[in-house]
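Here's the letter readout for the chains.
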Amino acid sequence: MFIVIEGIDGAGKSTQAKLLAKWFEEKGYDVVLTKEPTDTAFGKLIRRLVLTGGREGIIDGARISHEAEALLFAADRAEHVHKLIKPSIGAGKIVISDRYFYSSLAYQWARGLDLDWLIDLNRFAIRPDLVILLDLPVKESMKRINGRSIKTEFDKIVELQKKVRENYLKLAERFPEMKIVNALASVKDIHNDIVALVEHELLKK
Ligand SMILES: Nc1ncnc2c1ncn2[C@@H]1O[C@H](COP(=O)(O)OP(=O)(O)OP(=O)(O)O)[C@@H](O)[C@H]1O
Ligand SMILES: Cc1cn([C@H]2C[C@H](O)[C@@H](COP(=O)(O)O)O2)c(=O)[nH]c1=O
C-alpha cells in the first residue's frame, strides 16, 4: 500500500506521517516512511539550488528557472520511485511519503507553470492508493511555522501559500485518490480521521 501526505508548508504532514507509520507498525506492518525532496544527491541539489536559505530561497526564486526547478523535483522523484517506492511496495511494505508529485503540481503550478505540462512530466510516478490532503488556512500554518522565515519575505510567502492551498483543493477535484482532511483540528483528531480513511482503503485490499 502506498500513502502520500500532502499540504501547504506547516500543515502538519511530518507529524501525521510519523503517527501513521507508528499506527501501522503497531499493527505488525513493515513500514517505509519517506519524503520529498529526498535525502539523495538530487534532493540535496534541490535544497542547494531551489530551497537555499530555507523558504526564502523559494520566494526570491529564479536562482534557476521555474522549469528547471520542476525538472529537478521530477528527477529526484524518478530516483525515489525506482529505487525506493516501487521495490518497497513490491516487497509488500507500507510506503508513506511526506509529499509526492502532487506537491509539484500545487507549487510549480503556483509558480505559473502549465498544469498539463507538469502532469505529463510526472507521468512516470505511480499513483498512490491514498493521498491525504491536510487542508489548513494559511494564517494558521504561518502561526505554526512562525520563526522559520525572514520577516521581510512574510507577505510573499503568504501569497504563494494561499495559491498553493487553492491549487491543492482544485487538484483534489481532479484526482479521486486525494481525500481532504481538516488540519485545523487537534493532532489526535486528525490522526483519527486519517486512520478512518486508511482503514477504508485497507478493506478494499
Ligand atoms: N494539529 C496541529 N495543531 C497545532 N500544531 C500542530 C498540529 N500539527 C502539527 N503542529 C505543529 O506545527 C508545526 C509544523 O508541523 P509539521 O512539521 O508536522 O508540518 P509539515 O507540514 O511537515 O511542515 P513543512 O511542510 O514545513 O515541512 C510543528 O511545530 C508541529 O508540532
Ligand atoms: C516535493 C516538492 C516540494 N516543493 C516545495 C514545498 C516546500 O516548500 C519545500 C519542501 O519543504 P519541506 O519542509 O521539506 O516540506 O519544497 C515543491 O515546490 N515541489 C515539489 O515537487
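In short, a report on the structure. All of these numbers come straight from a predicted model, not from anything done at the bench.

Here is what the cut-offs are and how they apply
- Residues numbered from 1 in each chain as written.
- Chains lettered and ligands numbered in written order.
- Predicted model: local features only at pLDDT ≥ 70, side-chain atom pairs only at ≥ 80, totals over all residues.
- Heavy atoms only, no water.
- Helix = DSSP H or I, 4+ residues; strand = E, 2+ residues; numbered from the N terminus.
- Buried < 20%, exposed > 50% of the residue type's maximum accessible area, 1.4 Å probe, protein only.
- Pairing = 2+ DSSP bridges.
- Axes fitted to C-alpha atoms, helices over the stretch in contact; angles between N-to-C directions.
- Contact = heavy atoms within 4.5 Å.
- Near = heavy atom within 4 Å.
- Polar contact = N/O pair within 3.5 Å; in protein donor to acceptor, adjacent residues only side chain to side chain.
- Areas by Shrake-Rupley, 256 points an atom, 1.4 Å probe, with all protein chains shown as cover.
- Phe/Tyr/Trp six-rings, centres within 6.5 Å; stacked < 30°, edge-to-face > 60°.

The omega torsion of the bond from glutamate 36 to proline 37 falls at -10°, within 30 degrees of zero and hence cis. You can see proline 37 is positioned in the loop between β2 (31–35) and α2 (41–49). Phi is positive for arginine 99, close to 80°, though the residue is something other than glycine. Its place among the elements puts arginine 99 in the loop between β3 (94–98) and α5 (101–110). For arginine 99, a relative accessible area of 14% corresponds to the buried category.

The next thing to look at is the sheet that holds β3. Spatially, 5 strands are ordered β2-β3-β1-β4-β5 in an open sheet, and the strand pairing comes out parallel. Of all the strands in the sheet, just β2 and β5 (178–182) have a single pairing partner and so form its edges. On average, each strand axis in the sheet is tilted by 20° relative to the strand beside it, whichever way the strands run. In this sheet, strand β4 (residues 130–135) lies alongside strand β1 (residues 2–6) in parallel orientation, the contact comprising 4 bridges. Looking at the pairing, valine 4 lines up with valine 131 of β4. Set on the sheet, helix α1 (residues 13–26) makes contact with β1, β2, β3 and β4; between it and β3 the angle comes to about 170°. Contacts from helix α9 (residues 187–204) reach β1, β4 and β5, with the element oriented near 160° to β4.

On to the environment of alanine 70, then. Residue placement: alanine 70 occurs in helix α4 (residues 66–90). In this structure, the C-alpha to C-alpha distance between alanine 70 and valine 50, residues 20 residues apart in sequence, is 9.9 Å. In contact with alanine 70, other than residues within four places in its own chain, are Gln108, Leu113, Trp117, Leu118 and Leu121.

A few words now on the site of ligand 2. Surveying the vicinity of ligand 2 reveals 14 residues, the closest of which are Asp9, Arg77, Arg99, Ser104 and Gln108. One nitrogen or oxygen atom from the side chain of arginine 99 is found 2.8 Å from an oxygen atom belonging to ligand 2. For ligand 2, whose accessible area on its own is 480 Å², the fraction buried by protein is 88%. In terms of residue count, α5 provides more of the shell around ligand 2 than any other element does, 4 residues in total.

The next subject is the packing of aromatic side chains. Within this structure, the stated rule accounts for 9 aromatic pairs. Relative to tyrosine 29, the ring of phenylalanine 24 lies with its centre 5.3 Å away and its plane at 90°, an arrangement referred to as edge-to-face. Looking at phenylalanine 24, the relative accessible area reads 0%, which means it is buried. The exposure class assigned to tyrosine 29 is partly exposed, which follows from its relative accessible area of 35%. Ring geometry for tyrosine 102 and phenylalanine 175: centres 5.7 Å apart, planes at 90°, overall edge-to-face. Placement of the pair is tyrosine 102 in helix α5 and phenylalanine 175 in the loop between α8 (154–174) and β5, with a sequence separation of 73 residues. Overall, the relative accessible area of 0% leaves tyrosine 102 in the buried class.

None of this, on its own, says anything about what the molecule does.
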